[in-house]
Amino acid sequence: MITIKLEPLLKRPEISVSSIKNWADWKKELISDFTVFLHSANYRFSLGSGSSYLVKQIIDAEKAMHGKSALEKEIQKIKKTPVCGVQITNGGNLPGLFQCQRDDSIKQYPNFNKIVHCIIPGPRITDFEVKVKEMLSEAFSRTADAYKEQDKELFFVLPVIGFNNFGYPVDFILPLYARLIKEWIKEEQMKGHILIWLNEALSEKMRLMMGEINVKAQL
């Protein structure tokens, strides 16, 4: 995991690029900070791959612990969200770091105070680049609004949306993330930690992009 620290004129988040092999490494943040997760949902909100896999683990653990899932109930209420729409819900009714049985072992997963759901478009949609940018900008804005309603530091976990199942070009989505994050931290007075969640192959590429942008922005 590589960490890039921003020199703050305002209170700005620390940015990390990580492949996340062990959520226990983030136990302090998950328990003590205001935690937000970016969920790249499809228009049916079907769960099972990518960031949706993690949302499913929260729902399944809630059902195992409580017999029902508060998160699943909230997702049911927003299922009519149009493509490119953004919704924000509470996370599950679970500890910040919880355990559940998977196959023959006990796995650890994170829960979050808030989940920002982006209904991502396919890359063949008209004005794809513009709509993805607008969708992500709204997701960041919703996160900032939620953050301002509490007094903890922010821990924002950002899987990079769309380049697996939806085929977003890596050379489009990674620079877009880097640019939007740079703009966001310049505009918002926040303190905390932004974690960009990528596989190992892309972590170094994203780190270099963030470093280049940080230098250009003279942060």
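Relevant structure appears above.
Residues numbered from 1 in each chain as written. Predicted model: local features only at pLDDT ≥ 70, side-chain atom pairs only at ≥ 80, totals over all residues. Heavy atoms only, no water.

Asker: An account of the nonpolar core is needed here, citing residue identities and associated values.
Answerer: In this structure, Leu38, Ile173, Tyr177, Ile181 and Met206 are the most contacted members of the largest nonpolar core, which totals 43 residues. Of all the secondary structure elements, the ones that give two or more residues to this core are β2 (14-18), β3 (34-41), β7 (114-119), α4 (128-147), β8 (154-159), α5 (170-187), β9 (192-197) and α6 (200-217). If one sorts the elements of this core by residue count, α5 sits on top with ten residues. Non-local contacts of methionine 206, meaning those with residues more than four positions away in its chain, are made with Val17, Leu174, Tyr177, Ala178, Ile196 and Leu198. Ranked by size, the runner-up nonpolar core spans 26 residues in total, among them Ile20, Phe37, Ala41 and Tyr109. (Core = buried A, V, L, I, M, F, W, Y, C linked by side-chain atoms within 4.5 Å. Buried < 20%, exposed > 50% of the residue type's maximum accessible area, 1.4 Å probe, protein only. Helix = DSSP H or I, 4+ residues; strand = E, 2+ residues; numbered from the N terminus. Contact = heavy atoms within 4.5 Å.)

Asker: Please give an account of the pairing of strand β5 (residues 97-102) that cites residues and values.
Answerer: Pairing geometry for β5 and strand β6 (residues 105-110), over six bridges, is antiparallel. The residue of β6 that forms the bridge with glutamine 101 is isoleucine 106. Counted between consecutive antiparallel strands, the loop separating β5 from β6 contains two residues, among which aspartate 103 sits at a positive phi close to 60 degrees. (Pairing = 2+ DSSP bridges.)

Asker: Tell me about unusual backbone geometry, and name the residues and values.
Answerer: It is generally the case that most residues other than glycine have a negative phi and that most peptide bonds are trans. Here the phi dihedral of isoleucine 20 falls at roughly 50 degrees; this positive angle occurs in a residue that is not glycine. By secondary structure assignment, the location of isoleucine 20 is in the loop between β2 and α1 (27-32). Its relative accessible area of 11% is what places isoleucine 20 among the buried residues. You will see that phenylalanine 45, though not glycine, has its phi angle at about 55 degrees, which is positive. Within the secondary structure layout, phenylalanine 45 lies in the loop between β3 and α2 (51-66). Phenylalanine 45 gets classed as buried once you look at its relative accessible area, which sits at 4%.

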